[in-house]
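Analysis of the macromolecular model
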Amino acid sequence: MCQRRRQSVRGPLRLPEAVDSKFLRQFIVAGWQASSLGYFVKVVMIGSIKSILPLTVAGLIWRLYNSGGAVDFTSAFNWHALAELLFFVFYLKHRTQLSRERPLSNDYVYPGRDRQEKVCGAGAKQRLKRNLRHMDGVLGKSASKEDRQRHFLDWFSFRQDDCHSKAPEHWSELKKENLADWLAWAFWARKVEELGAEEEEEIEQMITLVEEWAGEGGEGGELDGGRNNSLISMRLSIDEIRSAHHPLIHYLVTHAGCCGAGYVLLKWRGFERKKIGGMVYWRKEGRSGGEGERCPIVFISGIGIGLVAYLKLVDRWLEEHPGREIFLVDLPEYSLRFTTSVSILSPLDRASALTAMLGGRGAHFVGHSLGSVVISWVIRLAPESVVKAATFIDPVCFLLFHSSVAANFVYRPPATPLDCLVSYFVAKELYVNNALHRHFRWQTNLLDPALLEDIKGVSVVLSDHDHYVPSQAVERHLNLEAPKVRTRVLGEHSHAQFCVLEGSCDVVMEEFRFADEATIRN
């Protein structure tokens, strides 16, 4: 049986001398209003970017006024102001267009092919029962009915200026029609009025099931009929796209800058850019004999600036496995890139492309954050032999029925300075929002730990101050449901912090080695 452990890596961390633990606590734990750092992030870093459009337009108007309406086309400032203004008009038009499009995630259901059906069942009621059982394990035997109710209420918020604010505090504030709205989205990705008679009948049974669970099988969980109009539930594929405008210069940095830098740096490291089945990836060819005989490494990035953020990890693989074949898979829809046409691979197409990329061979899959969801697709939809080992880093594919990921990343106001940066620069970027709202079906992305039992080596690395992944809950969930999976928790770490700290990368590599060696031992 693989070792399970929870270990802080406080000791081995090698922090830059200018960054002490007090700074980190203010940045990733304390509320942004609690320190000058928070106001610096909100006012200076974010405010300066937000002010680019109004200031450039105001400057253009002032210049036109002073010149009597004549436009100086030799002025770089005027060209920049016109470009920003036209880009803002394009943004408004494109956001409206994307918001009106039918969510393609409605089609991400694969009956008969999805191996998770054998574990969870194909019916919505069966899957709900299993999800609630898993939550019982996470909450623990000592959990009261108030604890259960509080967990479920986190999927709902009071409406404030058509936005989500705080969750309701009392179970009595939730009504049956509110719950029916959420269940229709969660298990069918549709509105209640779009369901058929059989599905509506099943929802009635599911409401009763939730009431019994929330009341510990007795009284206290019953909901009143009707609807609480001040409550809204979080329904990613139904809600409007919740993006914020980012100036054109922002995309010059994230798209041209980061993407271009990544292209050059990966080429310099010996990787070749390739494409298969609509999927772009990078490959470093392995050598025959020795390291080259081991299964390939497949890394899948998370939401952010793309593969360039993970070069520290890539360099460690190149150093330790110089002759091994390595694949790097980018997710452009989640990489802050500008585009005029949005084309996103479905889970089945992505799993098929990864299988074709490997030529039917097995590989050690490593995924960070949203990259763990892609590994979930491969485990569920690709041939069983494709995933020989898996390392999950800050995974979002476990416990997706826990509200933390959706609530904290997409809906709730940011709490810490780090949250403020992630919320504006990443979570509210138009194309990331479109991918989450129109191409993210949580029942298809959720990975049941039972499917990990047949994989030779599995390691999971969590961050204990992760504001998006409920790390402690995921750790307990895996320990209960998949005892062969090894878990490791990075102390005093936030989401993706391992990318910039050498000591954290050491721990990730240690867990990678453990999962990797299992492919040899077995």
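The structure presented is a predicted model; accordingly, all values stated were derived computationally and were not measured.

The subject of this paragraph is the packing of helix 7 (residues 145-153) against helix 9 (residues 197-214). It is the contact of helix 7 with helix 9, at a shortest axis distance of 8 Å, that shows an interaxial angle of 135°. By the angle between their directions, the pair helix 7 and helix 9 is classed as oblique. Listed contacts from helix 9 to Lys145, Arg148, Gln149, His151 and Phe152 of helix 7 are Val210, Trp213 and Ala214. For the contact of helix 7 with helix 9, the class distribution of residues is 4 nonpolar, 2 polar and 2 charged.

Our focus in this paragraph is the sheet that holds strand 7 (residues 326-329). In spatial order, the strands read 4-5-7-6-8-9-10-11; together these 8 strands make up an open sheet with mixed pairing. Pairing within the sheet leaves two strands with one partner each, and these edge strands are strand 4 (272-276) and strand 11 (486-490). Each neighbouring strand pair of the sheet contributes to a mean axis angle of 20°, computed without reference to strand direction. Sheet topology note: the strand 4/strand 5 (residues 279-284) ladder contains 5 bridges and is antiparallel. Along strand 5, the bridge assignment pairs arginine 273 with tryptophan 282. Against the sheet, helix 12 (residues 347-357) makes contact with strand 4, strand 5, strand 6 (297-300), strand 7 and strand 8 (363-368), and its axis sits at roughly 25° relative to strand 5, the strand it touches most.

One pass over the structure, following the stated rule, counts 24 salt bridges. Among the ionic pairs, arginine 380 bridges to aspartate 114, the shortest N-O distance being 2.3 Å. Taken as a pair, arginine 380 in helix 13 (residues 371-381) and aspartate 114 in the loop between helix 4 (76-100) and helix 5 (116-120) lie far apart in primary sequence, 266 residues in all. When its relative accessible area of 6% is taken as the criterion, arginine 380 is described as buried. Residue class for aspartate 114 comes out buried when judged on its relative accessible area of 10%. With a shortest N-O distance of 2.6 Å, arginine 488 and glutamate 511 are connected by a salt bridge. Placement of arginine 488 in strand 11 and of glutamate 511 in helix 19 (residues 502-521) is noted, with a sequence separation of 23 residues between them. Classification of arginine 488 as buried rests on a relative accessible area of 3%.

Quick look at helix 13 now. The buried count for helix 13 comes to 11 of 11 residues, which makes it a mostly enclosed element. Those residues of helix 13 lying buried are Gly371, Ser372, Val373, Val374, Ile375, Ser376, Trp377, Val378, Ile379, Arg380 and Leu381. Tucked inside the fold, the buried residues of helix 13 contact helix 5, strand 6, helix 12, strand 8, strand 9 (387-393) and helix 17 (442-445).

A word on the UniProt feature "transmembrane region" (unreviewed entry) in the protein. Following the UniProt record, the feature "transmembrane region" (unreviewed entry) maps to residues 43-64 and 76-92 here. Secondary structure over residues 76-92 splits into 100% helix and 0% strand, and the C-alpha atoms at its two ends are 25 Å apart.

On to the packing of helix 6 (residues 124-139) against helix 18 (residues 471-481), then. Put simply, helix 6 and helix 18 touch, their axes get as near as 9 Å, and they point 110° apart. In this view, helix 6 runs roughly perpendicular relative to helix 18, as classed from their interaxial angle. The handedness of the crossing between helix 6 and helix 18 is right-handed. When helix 6 is examined against helix 18, the residues Arg133, His134, Gly137, Val138 and Leu139 are found in contact with a partner set consisting of Ala473, Arg476, His477, Leu480 and Glu481. Looking at the contact of helix 6 with helix 18 residue by residue, the class counts come to 4 nonpolar, 3 polar and 3 charged.

Once that is clear, we can look at the packing of aromatic side chains. For the coordinates displayed, the defined rule picks out 26 aromatic pairs. Both rings, one in phenylalanine 392 and one in phenylalanine 398, keep their centres 5.2 Å apart while their planes meet at 65°; by these two values the pair is edge-to-face. Of the residues examined, phenylalanine 398 reaches a relative accessible area of 1% and is grouped as buried. Three or more aromatic residues link up through ring pairs in this structure, and these residues are Phe152, Trp155, Trp171, Trp182, Trp185, Phe187, Trp213 and Trp442. The cationic tip of arginine 486 hangs over the ring face of phenylalanine 514; the distance from NZ or CZ to the ring centre is 4.1 Å.

Tracing the backbone shows tryptophan 317 in helix 11 (residues 311-320). Since its relative accessible area comes to 0%, tryptophan 317 is described here as buried. Along the sequence, tryptophan 317 and phenylalanine 512 sit 195 residues apart, while their C-alpha atoms lie 9.9 Å from each other. Apart from the residues within four sequence positions on either side, tryptophan 317 is in contact with Ile297, Phe299, Pro322, Ile326, Val366, Met509 and Phe512.

The next point concerns a nonpolar patch on the surface. A contiguous nonpolar patch, built from Tyr39, Phe40, Val43, Val44 and Met45 and spanning about 450 Å² of accessible area, is present on the exposed surface. What makes methionine 45 partly exposed here is its relative accessible area of 34%.

Mapping glutamate 333 onto the fold places it in the loop between strand 7 and helix 12. Along the sequence, glutamate 333 and asparagine 434 sit 101 residues apart, while their C-alpha atoms lie 8.4 Å from each other. Apart from residues no more than four positions distant in its own chain, glutamate 333 is found in contact with Ile344, Arg350, Tyr431, Val432 and Ala435. Only 3.2 Å separates the side chain of glutamate 333 from the side chain of arginine 350, close enough to count as a polar contact.

Now for the state of the cysteines. Evaluation of the coordinates by the stated rule reveals 0 disulfides. Its sulfur unpaired, cysteine 499 is 8.1 Å from the next cysteine sulfur, which belongs to cysteine 505.

Turning next to the pairing of strand 8. Here is the key point about a regular strand: its side chains alternate between the two faces of the sheet. Counting buried residues along strand 8, 6 of its 6 residues qualify, which places the element largely inside the surrounding structure. Burial along strand 8 is two-sided: the face carrying Ala363, Phe365 and Gly367 and the face carrying His364, Val366 and His368 are both buried. One ladder, built from 4 bridges, connects strand 6 with strand 8; its direction is parallel. Bridge assignment links isoleucine 300 to a residue of strand 8, and that residue is glycine 367. Here 6 bridges tie strand 8 to strand 9, and the two strands are oriented parallel to one another. Bridging across to strand 9, histidine 368 finds its partner in isoleucine 393. One crossover worth recording links strand 8 to the parallel strand 9 by way of helix 13, and it is right-handed.

Calculation criteria
- Residues numbered from 1 in each chain as written.
- Predicted model: local features only at pLDDT ≥ 70, side-chain atom pairs only at ≥ 80, totals over all residues.
- Heavy atoms only, no water.
- Axes fitted to C-alpha atoms, helices over the stretch in contact; angles between N-to-C directions.
- Helix = DSSP H or I, 4+ residues; strand = E, 2+ residues; numbered from the N terminus.
- Parallel < 35°, antiparallel > 145°, perpendicular 65-115°, else oblique.
- Contact = heavy atoms within 4.5 Å.
- Nonpolar A, V, L, I, M, F, W, Y, C, P; charged D, E, K, R; others polar.
- Pairing = 2+ DSSP bridges.
- Salt bridge = Lys/Arg side-chain N within 4 Å of Asp/Glu carboxyl O.
- Buried < 20%, exposed > 50% of the residue type's maximum accessible area, 1.4 Å probe, protein only.
- UniProt positions renumbered as here; feature names shortened; annotations may be inferred.
- Left-handed = near helix turned anticlockwise from the far one by under 90°.
- Phe/Tyr/Trp six-rings, centres within 6.5 Å; stacked < 30°, edge-to-face > 60°.
- Lys NZ or Arg CZ within 6 Å of the ring centre and 35° of its normal.
- Patch = residues over 30% accessible without salt bridge, like charges linked within 9 Å, V, L, I, M, F, W, Y side chains within 5 Å.
- Areas by Shrake-Rupley, 256 points an atom, 1.4 Å probe, with all protein chains shown as cover.
- Polar contact = N/O pair within 3.5 Å; in protein donor to acceptor, adjacent residues only side chain to side chain.
- Disulfide = S-S within 2.5 Å.
- Right-handed = clockwise from strand over helix to strand, strands pointing away.

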